[in-house]
Amino acid sequence: MTFILRLRRVARRIVSSRRAGLLTVAVLAAISLVGNTLTYVVFDHATWGDGLWYSIISVTTIGYGDESAVSLGARLGTVFFIVFLGLSVFTVLLGMFADYVMERTQKGIRGMGTVLTNDHVVIANYAGASRLNQVLRELAGDPAYGAAPVVLVTDQIAEMPAGPRNLQFVNGSPLDDATWQRAGLADARLVLVLPYNYEDPNADAVSASIVSVIQRLVPGKRVVAECLDETRRALFPTEEAVSVVCGLQVAGNILVQELSDPGVSHTLEEITSNLRGTTLYSTRVADAPTVDYTTIAKALLDHGDNLLSVIRGTQTHTTFAGLRPQQGDVLVYVGEKRLAWQELCAAL
């Protein structure tokens, strides 16, 4: 009686422990294959290679028929090691594999797994399905990011929202270090931080805190953050790798501009979208040429590109008379494709 109780305890422990269960199944599978191979070799005088082949083909129920037991001992070995033991173990093994795949799938849907990709784009916070899909469409239309995997990091939803096939989900607070480890922050190309709520006045403070966490974990990581209130821009870190975009401020500017100058909004919609027509691009000056920006603007215009501004430090220049290039300047232009500095110099 004591032996039976101990056996039951061991059985329950094996069932409750995945590692113990997998080890038990592996041992039984090995016994099945080795035992059947041994009887086949001993009683039918086959080679070890043929015996193992016969055992594998039999236990997987493929049964080519090129090998078969002839003697009584080999047949009894097949009945015991394959029919009674091997097929049962193989069925359990298939069930465990199916459970593993299902569990991995469910963990991915619930965002409980770890990202196994690199060079991806991370979007922090879920500001609603329409906002997320709009950002995803623009990313897909950008040649630099269109094929990159996208990872959504948020604790505002329980399951991954509908989206493109390259969208992955990490369920966790963007303020938690462990969440960013699961999101593969160190291997990400850049991070886009959206407000978690467009109606909450504290949203900018939360976004700024998220950016600070990112810069602490991976200094110099490229981050673009949306700020709802221009007066709260100072909350965000001032590192060179951090860009802060006051989207609502820009939208308000365009609305008022459109009142007096019809057509401005249509033009800005055209040049700020990756999905149609020409688009806004930027490139950084690697080495200062001898010509001034007026000459560069004319050369780009002949090439089909339109230079809009030159950013130097915190200053944005939209007129170029007397302005000469310096290493580190950022040129913002409208064109059909993004040009590296070397390509831009070739156009000159």
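The structure this text deals with has already been given above.
Engineer: Describe in detail the overall build of the protein chain, supporting the description with residues and values.
Structural biologist: When its secondary structure is counted, the protein chain shows 11 helices and 10 strands. Its C-alpha atoms give the protein chain a radius of gyration of 32 Å, clearly above 20 Å, the size a compact globule of 348 residues would have. C-alpha extents for the protein chain along the principal axes are approximately 100 × 50 × 35 Å. Residues classed as buried in the protein chain amount to 36% of the 348 residues present. Within the protein chain, contacts between residues at least 6 apart in sequence are counted, and of these 62% link residues at least 24 apart.

Engineer: Just give me the short version of the sheet that holds strand β1 (residues 121-124), but keep the residues and values in it.
Structural biologist: Here we have six strands laid out as an open sheet, ordered β3-β2-β1-β4-β5-β6, and parallel in their pairing. The outermost strands of the open sheet, each flanked by one partner alone, are β3 (167-171) and β6 (242-245). The sheet shows a mean angle of 20° between the axes of neighbouring strands, taken without regard to direction. Lying over the sheet, helix α7 (residues 203-217) contacts β1, β4 (190-193), β5 (223-226) and β6, oriented at roughly 170° with respect to β5.

Engineer: Could you give an account of the pattern of salt bridges, with specific residues and numbers?
Structural biologist: Following the criterion strictly, the structure yields nine salt bridges and no others. D177 serves as the salt-bridge partner of R216, at 2.8 Å between the closest nitrogen and oxygen. In this pair, R216 sits in helix α7 while D177 sits in helix α6 (residues 177-182), placing the two residues 39 residues apart along the sequence. Relative accessible area serves as the criterion here: at 25%, D177 is assigned to the partly exposed category. A salt bridge links D229 to R232, with the shortest nitrogen-to-oxygen separation between them at 3.3 Å. Of the residues examined, R232 reaches a relative accessible area of 28% and is grouped as partly exposed. When salt bridges with common partners are traced through the structure, they connect D204, D229 and R232 into a single cluster.

Engineer: Outline the side chain of S58, listing residues and values.
Structural biologist: As for its position among the elements, S58 is in helix α3 (residues 48-59). Filtering out sequence-adjacent residues up to four positions away, S58 remains in contact with I82 and L87.

Engineer: Give a description of the sheet that holds strand β8 (residues 306-312) that names residues and reports values.
Structural biologist: Pairing is antiparallel in the open sheet, where four strands are placed in the order β7-β10-β8-β9. Pairing within the sheet leaves two strands with one partner each, and these edge strands are β7 (279-284) and β9 (315-317). For this sheet, the mean inter-axis angle between neighbouring strands, taken without regard to orientation, is 25°. In the packing of helix α10 (residues 293-303) onto the sheet, contacts are made with β8 and β10 (330-335), and the angle to β8 comes to roughly 145°.

Engineer: Explain the environment of V291 residue by residue, including any values.
Structural biologist: When you line up the elements, V291 lands in the loop between β7 and α10. For the pair V291 and R324, spaced 33 residues apart in sequence, the C-alpha to C-alpha distance is 7.1 Å. If we skip the residues at most four places from it in the chain, V291 touches I296, R324 and P325.

Engineer: Pulling in residues and values, what's your account of the side chain of D44?
Structural biologist: Residue placement: D44 occurs in helix α2 (residues 18-44). R75 is the oppositely charged side chain nearest to the buried, salt-bridge-free D44, at an N-O distance of 7.0 Å. If we skip the residues at most four places from it in the chain, D44 touches T39, S68, A69, V70, S71 and A74.

Cut-offs used in this document
Residues numbered from 1 in each chain as written. Predicted model: local features only at pLDDT ≥ 70, side-chain atom pairs only at ≥ 80, totals over all residues. Heavy atoms only, no water. Helix = DSSP H or I, 4+ residues; strand = E, 2+ residues; numbered from the N terminus. Rg over C-alpha atoms; globule rule 2.2 N^0.38 Å. Buried < 20%, exposed > 50% of the residue type's maximum accessible area, 1.4 Å probe, protein only. Contact = heavy atoms within 4.5 Å. Pairing = 2+ DSSP bridges. Axes fitted to C-alpha atoms, helices over the stretch in contact; angles between N-to-C directions. Salt bridge = Lys/Arg side-chain N within 4 Å of Asp/Glu carboxyl O. Lys, Arg positive; Asp, Glu negative; His and termini not counted.

These results come straight from atomic positions and should not be treated as a statement about function.
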